[in-house]
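Below are the chains, spelled out letter by letter.
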Amino acid sequence: MKSLSITGLILLAVSALLFYLTTDFAVEQIKISHIMGVMAGVGIGLIIGGMVGYLSKGSAIKAEQKKKEFKQLQKDKEDLEKQAAEIAKRQAELEENQNKNPQI
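Summary of the structure given here. (Residues numbered from 1 in each chain as written. Predicted model: local features only at pLDDT ≥ 70, side-chain atom pairs only at ≥ 80, totals over all residues. Heavy atoms only, no water.)

Brief notes about the overall build of the chain
Stage number 1. Helices and strands together make up the secondary structure of the chain, namely two helices and zero strands.
Stage number 2. Relative to the 2.2 N^0.38 estimate, which gives 13 Å for 104 residues, the radius of gyration of the chain is 34 Å and therefore markedly larger than a compact globule would have.
Stage number 3. By principal-axis analysis of the C-alpha atoms, the chain measures approximately 115 × 20 × 15 Å.
Stage number 4. Across the 104 residues of the chain, 3% fall into the buried class. (Helix = DSSP H or I, 4+ residues; strand = E, 2+ residues; numbered from the N terminus. Rg over C-alpha atoms; globule rule 2.2 N^0.38 Å. Buried < 20%, exposed > 50% of the residue type's maximum accessible area, 1.4 Å probe, protein only.)

With respect to the pattern of salt bridges
Stage number 1. Tallied over the full model, the rule gives one salt bridge.
Stage number 2. Between Glu-86 and Arg-90 there is a salt bridge whose closest N-O contact spans 2.7 Å. In this pair, Glu-86 and Arg-90 are both assigned in helix H2 (residues 32-100), four residues apart and thus about one turn of the helix distant. (Salt bridge = Lys/Arg side-chain N within 4 Å of Asp/Glu carboxyl O.)

Quick look at the environment of Gly-41
Stage number 1. Along the polypeptide, Gly-41 turns up in helix H2.
Stage number 2. Taking the relative accessible area as the measure of exposure, Gly-41 reaches 41% and is therefore partly exposed.
Stage number 3. For the pair Gly-41 and Asp-76, spaced 35 residues apart in the sequence, the C-alpha separation amounts to 52 Å.

Brief notes about the environment of Lys-31
Stage number 1. Examined against the element boundaries, Lys-31 turns out to sit in the loop between helix H1 (2-23) and H2.
Stage number 2. Since its relative accessible area comes to 55%, Lys-31 is described here as exposed.
Stage number 3. Along the sequence, Lys-31 and Gly-53 sit 22 residues apart, while their C-alpha atoms lie 33 Å from each other.

See below:
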């Protein structure tokens, strides 16, 4: 985003220089071609800005989705660890009961 802003400022400076060289900043010398050039520049800027915005939003959404998946996996891992501890506890209780009450 920062590099895009710098590129935009450089292009703006180049366009101001070209405008100065062709008209000497005199309002009387502004022609329809100058207005068309400004409109084309704005249109191209909007198109490029829209594409960059779309790409950055897409990558932000993907990053958020990965973060949610990671949190869900952590939660699932904690649940599985709790279940494993509970199963181990029950198994130990069963073995203890079998040792106390041996059957023939």
